Amino acid sequence: GENTKSIRNTTTTSVTISSPDEQDAPNKETCPKVLYDLFGSIVHTGTLHQGHYMADVKVKDQWYHCNDAFIKKCEGGENEILKREGAYILFYARR
């Protein structure tokens, strides 16, 4: 089986999801603004048929880059994570 661990996130990134057609958008009274905090990402390098996966995860207030058995602190914080090339899955937790 898989080992899982719950991580509480405090990043202040917000994501706004809106309708492509503003006439279909719900009003603020029926659909209040919801904020999400980034707490992880999956990064892929290589091609469609082969490559390598890495992960970035936030533990408490520190970001880490995980590459196989090697884990290092991301000194650039969330900005470093968001600029990383090859990120294709971002994990957010609702506030």
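Remember, predicted model here, so these are calculated numbers, not experimental data.

Cut-offs applied
- Residues numbered from 1 in each chain as written.
- Predicted model: local features only at pLDDT ≥ 70, side-chain atom pairs only at ≥ 80, totals over all residues.
- Heavy atoms only, no water.
- Patch = residues over 30% accessible without salt bridge, like charges linked within 9 Å, V, L, I, M, F, W, Y side chains within 5 Å.
- Areas by Shrake-Rupley, 256 points an atom, 1.4 Å probe, with all protein chains shown as cover.
- Salt bridge = Lys/Arg side-chain N within 4 Å of Asp/Glu carboxyl O.
- Helix = DSSP H or I, 4+ residues; strand = E, 2+ residues; numbered from the N terminus.
- Buried < 20%, exposed > 50% of the residue type's maximum accessible area, 1.4 Å probe, protein only.
- Disulfide = S-S within 2.5 Å.
- Pairing = 2+ DSSP bridges.
- Axes fitted to C-alpha atoms, helices over the stretch in contact; angles between N-to-C directions.
- Phe/Tyr/Trp six-rings, centres within 6.5 Å; stacked < 30°, edge-to-face > 60°.
- Polar contact = N/O pair within 3.5 Å; in protein donor to acceptor, adjacent residues only side chain to side chain.
- pLDDT = per-residue confidence, 0-100.
- Contact = heavy atoms within 4.5 Å.

Colleague: Outline a nonpolar patch on the surface, listing residues and values.
Modeller: On the surface, a cluster of nonpolar side chains totalling about 400 Å² of accessible area is made up of Tyr53, Tyr88, Ile89 and Phe91. Ranked by the residues each element gives to the nonpolar patch, the list is headed by strand 5 (residues 87–94), at three residues. Structurally, Tyr88 can be placed in strand 5.

Colleague: Would you mind going over the environment of Tyr92 in detail, with residue names and values included?
Modeller: Here Tyr92 lies in strand 5. Relative accessible area serves as the criterion here: at 30%, Tyr92 is assigned to the partly exposed category. Taking the C-alpha atoms as reference, Tyr92 lies 5.7 Å from Tyr36; in sequence the two are 56 residues apart.

Colleague: Residue-level account of the state of the cysteines, with values.
Modeller: Inspection of every chain in the model, using the stated rule, returns zero disulfides. The thiol of Cys66 is not disulfide-bonded; the next cysteine sulfur, from Cys74, is found 8.2 Å away. Looking at Cys74, the relative accessible area reads 2%, which means it is buried.

Colleague: Provide a residue-level description of the sheet that holds strand 5, including the pertinent values.
Modeller: In sheet architecture, strand pairing relies on hydrogen bonds along the backbone and comes in two forms, parallel and antiparallel. Taken together, the five strands give an open sheet; going across it, the order is 4-3-2-1-5, and neighbouring strands pair in antiparallel fashion. Taken across any chain shown, the strands that pair with only one partner, and hence form the sheet edges, are strand 4 (70–73) and strand 5. The mean inter-strand angle of the sheet, taken between neighbouring strand axes irrespective of direction, is 20°.

Colleague: I'd like a rundown of the packing of aromatic side chains, residues and numbers included.
Modeller: The description of an aromatic ring pair uses the distance of the two centres, along with the angle that the planes make with each other. Tallied over the entire structure, the rule returns two aromatic pairs. Look at Phe39 and Phe91: their rings are 6.1 Å apart centre to centre, the planes differ by 45°, and that puts the pair in the tilted class. Taken together, the positions of Phe39 in strand 1 (residues 36–46) and Phe91 in strand 5 put the pair 52 residues apart, joining distant regions of the chain. Since its relative accessible area comes to 35%, Phe91 is described here as partly exposed.

Colleague: Quick one: what's the story with the pattern of salt bridges, residue by residue and with numbers?
Modeller: On inspection of all chains with the given rule, the structure shows three salt bridges. Across the salt bridge formed by Glu80 and Arg84, the nearest N and O atoms sit 3.4 Å from each other. By relative accessible area, which is 26% here, Glu80 ends up partly exposed. When salt bridges with common partners are traced through the structure, they connect Asp56, Glu80 and Arg84 into a single cluster.

Colleague: Run through the side chain of Asp37, naming residues and quoting values.
Modeller: Tracing the chain through its elements places Asp37 in strand 1. At a separation of 2.7 Å, a polar atom in the side chain of Asp37 contacts the side chain of Arg95.

Colleague: Give a detailed account of the confidence of the model for the protein chain, specifying residues and quantitative values.
Modeller: The pLDDT averaged across the protein chain works out to 79; a share of 69% of its residues lies at or above 70. This stretch, residues 1–11, has a pLDDT under 50; its non-local contacts, to residues over four places away or in other chains, come to 17 contacts.

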